[in-house]
Amino acid sequence: KSEGGEKNSSAAGSRPEEEAVLAFGNERFTVPEALFTPTVVGLEQCGIAEAVGESITMLDAQLHSLMFSTIVAVGGNAQIPGFVERLQQDIRQLAPSDFEVCAVAPPQPADQSAWRGGMRLVNSGVLDQYWVTKQEYEEKGHVLCRQKLKEVETCLHVRKGGRSFPGT
């Protein structure tokens, strides 16, 4: 409005017919869908379920059943309604039929999930023999750290390259 209380028709957005209205159609469905099927937005890469499955196959085969049954989705995307259910459904189609598949989103804030997972790994004792003390580091430096990380890879049976799922 002008100083006299009259509407100023020259100012953009001052009249209702000049207001911008954004109408959303299927965008709210296609954005999350792109996480599972990137080809819908023109990306030639695997979706999130395939990426999770490929990551699991990079581990020793003895760990596959455990990993398929303990998938934890964290971050903002895990908060999308139906995301975890869809993730579990898509991974179920990729996993061997005799494996349990369970995907969950933890109730705590997503920014704490990685921290809590790391705490559980540390508290499990699995990595106790790989710690580097301050004294060891001062004596041997980063070379010792690299050696210990290689040993952790071996301990966890991490393989480079991974394998494809049958039928994909």
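Above this text sits the structure in question.
None of the values given here were measured: they were computed from a predicted structure. (Residues numbered from 1 in each chain as written. Predicted model: local features only at pLDDT ≥ 70, side-chain atom pairs only at ≥ 80, totals over all residues. Heavy atoms only, no water.)

Student: Is there a simple way to explain the environment of Glu 153 in this structure?
Tutor: Here Glu 153 lies in helix α7 (residues 142-155). Among the residues examined, Glu 153 registers a relative accessible area of 30% and is labelled partly exposed. Sequence-wise, Glu 153 and Leu 59 are 94 residues apart; in three dimensions their C-alpha atoms are separated by 9.5 Å. (Helix = DSSP H or I, 4+ residues; strand = E, 2+ residues; numbered from the N terminus. Buried < 20%, exposed > 50% of the residue type's maximum accessible area, 1.4 Å probe, protein only.)

Student: Mind showing me how you'd approach a nonpolar patch on the surface here?
Tutor: Taken together, the side chains of Val 40, Val 41 and Leu 43 present a nonpolar region at the surface, about 250 Å² in accessible area. Along the chain, Leu 43 turns up in the loop between α1 (27-36) and α2 (48-57). (Patch = residues over 30% accessible without salt bridge, like charges linked within 9 Å, V, L, I, M, F, W, Y side chains within 5 Å. Areas by Shrake-Rupley, 256 points an atom, 1.4 Å probe, with all protein chains shown as cover. Salt bridge = Lys/Arg side-chain N within 4 Å of Asp/Glu carboxyl O.)

Student: Honestly, the pattern of salt bridges in this entry has me stumped. Any pointers?
Tutor: On inspection of all chains with the given rule, the structure shows three salt bridges. Linking Glu 33 and Arg 86 is a salt bridge whose minimum nitrogen-to-oxygen distance equals 2.7 Å. Placement of the pair is Glu 33 in helix α1 and Arg 86 in helix α4 (residues 83-94), with a sequence separation of 53 residues. You can call Glu 33 partly exposed: its relative accessible area is 25%. A relative accessible area of 23% places Arg 86 in the partly exposed class. For the salt bridge of Glu 138 with Lys 134, the shortest nitrogen-to-oxygen distance reads 3.9 Å. Taken together, the residues span about one helical turn, with Glu 138 and Lys 134 both in helix α6 (residues 134-140) at a distance of four residues. With relative accessibility at 57%, the residue Glu 138 sits in the exposed group. In the salt-bridge network here, residues are joined through shared partners; they are Glu 33, Arg 86 and Asp 90.

Student: How should the nonpolar core be read in this particular structure?
Tutor: General note: in soluble globular proteins, nonpolar side chains tend to be found buried as a group. Core analysis: the largest hydrophobic core is formed by 16 residues, its most contacted members being Phe 68, Ala 73, Phe 83, Leu 87 and Ile 91. When residues of this core are traced back to their parent elements, those giving at least two are α2 and α4. Not counting residues within four places of it along the chain, the set of residues in contact with Phe 83 comprises Leu 35, Phe 36, Ile 48, Ala 73, Asn 77 and Ala 78. (Core = buried A, V, L, I, M, F, W, Y, C linked by side-chain atoms within 4.5 Å. Contact = heavy atoms within 4.5 Å.)

Student: What's the story with the packing of aromatic side chains in this structure? I'm lost.
Tutor: The description of an aromatic ring pair uses the distance of the two centres, along with the angle that the planes make with each other. Taken as a whole and assessed by the stated rule, the structure comprises two aromatic pairs. Relative to Phe 83, the ring of Phe 36 has its centre 5.3 Å away and its plane inclined at 45°; by these criteria the two rings are tilted. On the criterion of sequence distance, the pair formed by Phe 36 in helix α1 and Phe 83 in helix α4 is long-range, its members being 47 residues apart. Here Phe 36 falls in the buried class, since its relative accessible area comes to 7%. When the ring of Phe 68 is compared with that of Phe 99, the centres are 5.9 Å apart and the planes differ by 50°; the resulting orientation is tilted. (Phe/Tyr/Trp six-rings, centres within 6.5 Å; stacked < 30°, edge-to-face > 60°.)

Student: Just checking my understanding: could you explain the packing of α2 against α4 for this structure?
Tutor: In helix packing, the relevant descriptors are the interaxial angle and the interaxial distance, both defined with respect to the helix axes. One way to put it is that α2 packs onto α4 with a least axis distance of 9 Å and a crossing angle of 55°. The angle between the axes of α2 and α4 places the two elements in the oblique class. Judged by the sense of rotation from one axis to the other, the crossing of α2 with α4 is right-handed. Only Phe 83, Leu 87, Asp 90, Ile 91 and Leu 94 of α4 make contact with α2, whose side of the interface consists of Ile 48, Ala 49, Glu 50 and Val 52. Here the contact of α2 with α4 is built from residues that sort into seven nonpolar, no polar and two charged. (Axes fitted to C-alpha atoms, helices over the stretch in contact; angles between N-to-C directions. Parallel < 35°, antiparallel > 145°, perpendicular 65-115°, else oblique. Left-handed = near helix turned anticlockwise from the far one by under 90°. Nonpolar A, V, L, I, M, F, W, Y, C, P; charged D, E, K, R; others polar.)

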